[in-house]
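# Structure assessment
Here's the letter readout for the chains.
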Amino acid sequence: MRVITFGTYDVFHLGHLRLLERAAALGDSLVVGVSSDQLNYTKKQRYPVYDQASRMAIVAALRCVNDVFLEESLERKREYILAYEADILVMGDDWAGRFDFCSDICRVVYLPRTPSISTTQLIEVIRGV
Ligand code: C2G
């Protein structure tokens, strides 16, 4: 079974790692779509702290990850799932229900987020807020 998941993974933290480890455990291999800098700007009106090449390099180096690619549009989920022949789409439950439209081509699973950690919160701590 091949698992696919998507995310920005900016200022990589334990919540990201736990999500990827749990996603990988659902199948035999894990492919990760790392959101592009431009996609993030469109979504959040700011660029990530780490650029896409750095974020992809970090995620690609993880033991639980087999392959990474650049996710350039949220709307292309189906295309990516088919291209990578994924059997299971995994997302954190902050996205619950949002990708159910893919459930005709793969299983869609939403995993609980790790509590009390987020990139936004880390940026605030670093800023000294
Ligand atoms: N995550 C988690 N626990 C946290 C923080 C994040 O389980 N405390 C999970 C998210 O639910 C997501 C993954 O880690 O599944 C990556 O999180 P983000 O980098 O915040 O991803 P996001 O910006 O939501 O991008 O196509 C979808 C988007 O690209 C997802």
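Before going into details, it helps to say that this report is about the structure given with it. If you're wondering where the values come from, they're calculated on a predicted model, not measured in any experiment. (Residues numbered from 1 in each chain as written. Predicted model: local features only at pLDDT ≥ 70, side-chain atom pairs only at ≥ 80, totals over all residues. Heavy atoms only, no water.)

All right, on to the nonpolar core then. Leu20, Leu30, Val32, Val59, Val65 and Val90 are the most contacted members of the largest nonpolar core, which totals 19 residues. Mapped by element, the contributors of at least two residues to this core are helix H1 (14–25), strand E2 (29–35), helix H3 (52–60), strand E4 (88–92) and strand E5 (107–111). Looking at this core, the element that brings in the most residues is H1, giving 4 residues. Residues contacting valine 90, with those up to four places away along its chain left out, are Val3, Ile4, Thr5, Phe6, Ala23, Leu26, Val109 and Leu111. Membership of the second largest hydrophobic core comes to 14 residues, among which are Ile4, Phe6, Phe99 and Cys102. (Core = buried A, V, L, I, M, F, W, Y, C linked by side-chain atoms within 4.5 Å. Buried < 20%, exposed > 50% of the residue type's maximum accessible area, 1.4 Å probe, protein only. Helix = DSSP H or I, 4+ residues; strand = E, 2+ residues; numbered from the N terminus. Contact = heavy atoms within 4.5 Å.)

A few words now on the sheet that holds strand E3 (residues 67–71). Pairing in this open sheet of 5 strands is parallel, and the strands run E3-E2-E1-E4-E5 from one edge to the other. With partners counted over all chains shown, the strands left at the sheet margins are E3 and E5, one partner each. Taken pair by pair, the neighbouring strands of this sheet meet at an average axis angle of 25 degrees, ignoring direction. Strand contacts of H1: strand E1 (2–7), E2, E4 and E5, with the helix running at about 140 degrees to E2, the strand carrying the most contacts. Of the strands in this sheet, E2 and E3 are in contact with H3, which crosses E3 at around 155 degrees. (Pairing = 2+ DSSP bridges. Axes fitted to C-alpha atoms, helices over the stretch in contact; angles between N-to-C directions.)

Close to the ligand lie 21 residues; Ser35, Glu71, Lys77, Thr114 and Ile117 are nearest. Here glutamate 71 contributes a side-chain N or O atom positioned 2.6 Å from an oxygen atom of the ligand. Between the ligand and the protein, one listed contact pairs a nitrogen atom with a backbone N or O atom of threonine 114 at 2.7 Å. Within the complex, 95% of the 630 Å² of free accessible area of the ligand lies under protein. (Near = heavy atom within 4 Å. Polar contact = N/O pair within 3.5 Å; in protein donor to acceptor, adjacent residues only side chain to side chain. Areas by Shrake-Rupley, 256 points an atom, 1.4 Å probe, with all protein chains shown as cover.)

Another aspect to go through is the packing of aromatic side chains. Scanning all chains against the criterion turns up 8 aromatic pairs. Aromatic side chains phenylalanine 99 and phenylalanine 101 sit 6.1 Å apart centroid to centroid with 55 degrees between the ring planes, which places their arrangement in the tilted category. On the basis of relative accessible area, phenylalanine 99 is assigned to the buried category, the value being 4%. The class of phenylalanine 101 is partly exposed, set by a relative accessible area of 43%. Grouping aromatic residues by their ring pairs yields a cluster made of Phe6, Phe69, Tyr80 and Tyr84. Looking at lysine 77, its charged tip hangs above the ring of phenylalanine 6, at a distance of 4.2 Å from the centre. (Phe/Tyr/Trp six-rings, centres within 6.5 Å; stacked < 30°, edge-to-face > 60°. Lys NZ or Arg CZ within 6 Å of the ring centre and 35° of its normal.)

This next bit is on the pattern of salt bridges. Under the criterion given, the structure shown has 6 salt bridges. The partner of aspartate 37 in a salt bridge is arginine 55, and the shortest N-O contact between them spans 2.6 Å. Placement of the pair is aspartate 37 in helix H2 (residues 37–44) and arginine 55 in helix H3, with a sequence separation of 18 residues. There is no split in this pair, since aspartate 37 and arginine 55 are both buried. Taking the shortest distance from any N to any O, the salt bridge between glutamate 79 and arginine 76 comes out at 3.0 Å. When its relative accessible area of 31% is taken as the criterion, arginine 76 is described as partly exposed. (Salt bridge = Lys/Arg side-chain N within 4 Å of Asp/Glu carboxyl O.)

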